[in-house]
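Spelled out, the chains give:
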Amino acid sequence: MTYHAQNELPMLQVAQLCWQVKQKCILDNLSFTIQPGEFVGLIGPNGAGKSSLLRCLYGKHQATSGSIQLNGQHIQDYSRRALAQKIAVVLQEPSASFEMSVMDVIRMGLTPNKSLLAFDTPEDRYAIQCAAEKVDLQHKITQNFNSLSGGEKQRALIARAIIQSTDILIMDEPTNHLDVRHQVEVLELARELGITVIVSIHDLNLAAAFCDRLILLKDGQMIAQGSPEAVLTEQSLKQVFEVDACVDVHPFNQKLRITFALRNTPLPLPKTCSTIEKQKSESQSTQIEKQPNKQQQTTKTLQAAGKSPVIGKPQVMHKIKFGQVGFE
Ligand SMILES: Nc1ncnc2c1ncn2[C@@H]1O[C@H](COP(=O)(O)OP(=O)(O)OP(=O)(O)O)[C@@H](O)[C@H]1O
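Because the structure is predicted, anything quoted here is derived from the model rather than measured. (Residues numbered from 1 in each chain as written. Predicted model: local features only at pLDDT ≥ 70, side-chain atom pairs only at ≥ 80, totals over all residues.)

Caption draft 1: Fine view of the overall build of the chain. A tally of helices and strands in the chain yields twelve helices and twelve strands. Out of the 328 residues in the chain, the part that is buried amounts to 33%. In the chain, the proportion of contacts linking residues at least 24 apart, taken out of those at least 6 apart, comes to 62%. (Helix = DSSP H or I, 4+ residues; strand = E, 2+ residues; numbered from the N terminus. Buried ≥ 20, exposed ≤ 12 C-beta atoms within 10 Å, placed from the backbone. Contact = placed C-beta atoms within 7 Å.)

Given below as structure tokens:
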């Protein structure tokens, strides 16, 4: 994270932000600040409000109450063009399909800073070429954007954001369509830009590896914010995602490593087996009282399970004992 003087004005200041749709509260009283150069991750389960919060931050949604200030000025006081000069946005799915080449899509990043009728300068063409190379699409620059794979589209939109040359980059699940190498590369790329990055992300290991700070949301409320170490605890993950997680340190990069288990108790035996186990233990307590012989015990267990005893086949008992199969 870049150094910030203690009293430096936050780049973004969000105060008691609420956003409602038809009386339903989607974002509930969120307050936080973001400093220049910070890499901030929004995390939380599906429907937590990550995309809604990002949409408020880049001015697509207007807050129902509360405020968002960018460099000390209310976000709704910026014109669309002025906002596009400050904030670049990479969305999960492009809202429009672009019947144009990759080069033209990337070139769109230049428009907030150029007049509409201006021709490309050699510097513009160089910037487009460099941005395409950065996202590893230089060989597809003339291809139609709509014919790209999901991951390639995502990278083209990131190239468009790169040449927009803004102070803030907002990305909504930018790693969604990407393979592992490109996931890491996209986040590295965003980090290398040295600008403020706000990213919603589901992969908590990537969030821990790349983000300076995390904001953990659930049901539109902020559950925690702070360093990955402060936010990604086993308790908070259990509370928010309802899964058991093991949080330790990755030996490669010394960043947090999160491993999930859906349950921390052994899987229950199949119903037939556990029923039989229960009946068996009841049978055993009966055995202590009455001391029946082994054959009587077997018969009693099988009868309790509603099955006919098969005398002279002890392997059936063996199967019951180890819970491998039922009688079916
Ligand atoms: N325009 C809208 N109208 C009605 N409900 C909406 C609208 N936008 C979002 N919501 C609701 O708000 C909640 C939060 O949605 P949002 O997309 O912000 O969550 P998210 O954390 O980004 O989820 P995911 O991880 O699944 O992308 C959801 O219940 C969603 O259905």
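Caption draft 2: Structural detail: helix 6 (residues 180–192). If you check helix 6, its first and last C-alpha atoms are 18 Å apart, about what 13 residues at 1.5 Å a residue would give, namely 18 Å. Buried residues of helix 6: His182, Val186, Leu187, Leu189 and Ala190, and no others. Relative to the axis of helix 6, the buried residues are bounded by an arc of 155° and lie together on one face. The outward face of helix 6, more than 90 degrees from its buried face, is lined by the exposed residues Val180, Arg181, Glu188 and Glu192. Looking at the buried side of helix 6, the elements it contacts are helix 4 (122–134), helix 5 (150–164), strand 7 (168–172), strand 8 (196–200) and helix 7 (204–210). Immediately downstream of helix 6, the backbone of Gly194 shows phi near 75°, a positive value. (Expected span 1.5 Å × (residues − 1). Arc of directions from axis to C-beta.)

Caption draft 3: Spotlight on the sheet that holds strand 1 (residues 12–21). An order of 2-1-4-5 is seen for the four strands of this open sheet, with the pairing classed as antiparallel. Looking at strand neighbours, the two that pair on one side only are strand 2 (24–34) and strand 5 (73–74), the edges of this open sheet. Inspection of the sheet shows strand 4 (residues 65–70) paired to strand 5 by two bridges, in the antiparallel sense. Across the sheet, residue Gln69 finds its bridge partner in strand 5, namely His74. Together, strand 1, strand 2 and strand 4 form the strand contacts of helix 1 (residues 50–57), whose direction differs from that of strand 2 by roughly 60°. (Pairing = 2+ DSSP bridges. Axes fitted to C-alpha atoms, helices over the stretch in contact; angles between N-to-C directions.)

Caption draft 4: A look at the sheet that holds strand 6 (residues 87–90). The six strands lie next to each other as 6-7-8-3-9-10, forming an open sheet whose pairing is mixed. In this open sheet, the two strands that pair with only one neighbour each are strand 6 and strand 10 (221–226). The sheet shows a mean angle of 15° between the axes of neighbouring strands, direction not considered. For strand 3 (residues 39–43) and strand 8, the ladder comprises four bridges, and the chain directions are parallel. Across the sheet, the residue bridging to Phe39 is Val197, located in strand 8. In this fold helix 5 packs onto strand 6 and strand 7, with an angle of close to 175° to the strand it touches most, strand 6.

Caption draft 5: Seen up close, the site of the ligand. In the vicinity of the ligand, the residues found are Val21, Ile26, Gly44, Asn46, Gly47, Ala48, Gly49, Lys50, Ser51 and Ser52. At three residues, the largest contribution of residues to the shell around the ligand is made by helix 1. Looking at the shell around the ligand residue by residue, the classes come out as three nonpolar, six polar and one charged. (Near = placed C-beta within 6 Å. Nonpolar A, V, L, I, M, F, W, Y, C, P; charged D, E, K, R; others polar.)

Caption draft 6: Representation of the pairing of strand 10 in the model. Alignment of strand 9 (residues 213–218) against strand 10, held across five bridges, turns out to be antiparallel. Counterpart to Leu214 in the pairing with strand 10 is Gly226. Hairpin geometry of strand 9 and strand 10 is characterised by an intervening segment of two residues between the two adjacent antiparallel strands and by a positive phi of about 50° at Asp219.

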